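This is what each chain is made of:
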Amino acid sequence: MTSKGKYRILFVCLGNICRSPAAEGIFRAITDAHGMTDRFPADSAGTYSGHRGDLPDRRMRRAASARGYELTHRARPVSMSDFFDFDLIIAMDDSNFTDLMHLAPSVETSRKIKRMADYFTGHSFDYVPDPYYMGQDGFELVLDLLEDACKNLFETLAGQVQD
Ligand code: 4NP
């Protein structure tokens, strides 16, 4: 990582209304708490465009709000420019990962794509499950996984900063 530069992170799921906007909100809460949001700007997007312009799913907004995260992102699909504008592109599950790998315009940009599970520290899951057809427990599980991964992601990135 270059010194003093921005390091931009894009979280990606399918619809961009449940998992990835929650990841974006949690990660931003962590960077805000450390005064490092300018250094580590975060955004989110979906591989499916059907929810374009929508706020996050009401169930996710409610569950996130109860933990102190207000999710105001508007859904958008992944674009080609994302592969150049972001330094790290994090897929929520293997299906998102595979879709992103197919979309990536070059080998170099495909190297930016990682899995959220790469940052889990204490879970038996190896992906972030889609909560859309799950009950409230599913949303709580997703938030538990994302809080763990975002904390570790931030610590990993902050540890690489060279001032
Ligand atoms: P997400 O959840 O990928 O975490 O935003 C989903 C939301 C909507 C749909 C699928 C997944 N959908 O098919 O509409």
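Anything mentioned here points back to the structure above.
This report concerns the structure included in the present document. Note that the coordinates shown come from a computational prediction; the quantities given were computed from them, not determined experimentally. (Residues numbered from 1 in each chain as written. Predicted model: local features only at pLDDT ≥ 70, side-chain atom pairs only at ≥ 80, totals over all residues. Heavy atoms only, no water.)

**Description of the overall build of the protein**
Selection rule: Runs of E in the DSSP output that reach at least two residues are strands. Runs of H or I that reach at least four are helices, and both are numbered from the N terminus. Computation of the radius of gyration draws on C-alpha atoms, with the globule rule given as 2.2 Å multiplied by the number of residues to the power 0.38. Relative accessibility thresholds used throughout: buried, under 20% of the residue-type maximum; exposed, over 50%; partly exposed, between the two (1.4 Å probe, protein chains only). Contacts are assigned to residue pairs with any non-hydrogen atoms lying within 4.5 Å of each other.
Of the regular secondary structure elements, the protein holds six helices and four strands. The secondary structure elements of the protein, listed N-terminal to C-terminal, are β-α-β-α-α-β-α-α-β-α. A compact globule built from 163 residues would reach a C-alpha radius of gyration of about 15 Å, and the protein, at 15 Å, matches this within 12%. C-alpha atoms of the protein, sized along the principal axes, occupy 45 × 35 × 30 Å. In the protein, which comprises 163 residues, the share counted as buried stands at 48%. The long-range fraction of contacts in the protein, counting pairs at least 24 apart against all pairs at least 6 apart in sequence, stands at 73%.

**Brief notes about the site of the ligand**
The test is simple: Only a single heavy atom is needed: when it lies within 4 Å of a molecule or strand, its residue is near that molecule or strand. N or O atoms within 3.5 Å of each other form a polar contact, as long as, within protein, one can give a hydrogen and the other can take it, and as long as residues adjacent in sequence are counted only when both atoms are side-chain atoms. Gly is placed with the polar residues, together with every amino acid not listed as nonpolar (Ala, Val, Leu, Ile, Met, Phe, Trp, Tyr, Cys and Pro) or charged (Asp, Glu, Lys and Arg).
Around the ligand sit C13, L14, G15, N16, I17, C18, R19, H51, D130 and Y132, and those are all the residues in its vicinity. Taking C18, its main chain carries an N or O atom lying 2.9 Å from an oxygen atom of the ligand. Along the lines of polarity and charge, the residues of the shell around the ligand split into five nonpolar, three polar and two charged.

**Brief notes about the nonpolar core**
Where we set the bar: Buried Ala, Val, Leu, Ile, Met, Phe, Trp, Tyr and Cys residues form a nonpolar core when they are joined through side-chain atoms within 4.5 Å.
Counting residues in each nonpolar core, the largest one holds 39 residues, and the members touching the most others are I9, F11, F27, F40, M116, L146 and L153. For this core, the secondary-structure elements that each account for two or more residues are strand 1 (9-13), helix 1 (19-33), helix 2 (58-66), strand 3 (88-91) and helix 6 (136-160). Considering each element in turn, this core owes the most residues, 10 residues, to helix 6. When residues no more than four places from it in sequence are discounted, the contact partners of M116 are F11, A23, I90, A91, M92, V128, L146, A149 and C150.

**With respect to the environment of R39**
Summarising the element assignment, R39 is placed in the loop between helix 1 and strand 2 (42-46). It is 4.6 Å that separates the C-alpha atoms of R39 and K6, two residues lying 33 residues apart in sequence.

**A closer look at the pattern of salt bridges**
Quick note on the threshold: For salt bridges, the criterion is a side-chain nitrogen of Lys or Arg within 4 Å of an Asp or Glu carboxyl oxygen.
Tallied over the entire structure, the rule returns 10 salt bridges. Its salt-bridge partner being D43, residue R76 comes within 3.1 Å of it at the nearest N-O pair. Placement of R76 in the loop between helix 2 and helix 3 (82-85) and of D43 in strand 2 is noted, with a sequence separation of 33 residues between them. With its nearest N and O atoms 3.2 Å apart, the salt bridge here joins E155 to K151.

**A few points about helix 4 (residues 94-103)**
Applied cut-off: This arc describes the spread of directions from the helix axis toward the C-beta atoms.
Considered for burial, the residues of helix 4 that qualify are N96, F97 and L100. Buried positions in helix 4, seen along its axis, are confined to an arc of 100° and lie on one side of it. Looking at the packing, one finds that the buried side of helix 4 touches strand 1, helix 1, helix 3, strand 3 and strand 4 (113-115). The backbone nitrogen of S95 lies 3.1 Å from a side-chain oxygen of the residue at the head of helix 4, namely D93.

**Considering the sheet that holds strand 4**
Rules: Criterion used throughout: strands pair if DSSP finds at least two bridges between them. Note on geometry: axes are lines fitted to C-alpha atoms, helical ones only across the stretch in contact, with angles between N-to-C directions running from 0 to 180 degrees.
Spatial ordering of the open sheet is given by 2-1-3-4, a layout of four strands whose pairing is parallel. Each having just a single partner strand, strand 2 and strand 4 make up the two edges of the open sheet. For this sheet, the mean inter-axis angle between neighbouring strands, taken without regard to orientation, is 30°. The strands touched by helix 1 within the sheet are strand 1 and strand 2, with strand 1 carrying the most contacts at an inclination of about 150°. Each of strand 1, strand 3 and strand 4 is contacted by helix 4, which is oriented at about 170° to strand 4, the strand it contacts most.

Don't take any of this as a statement about function, it's just geometry.
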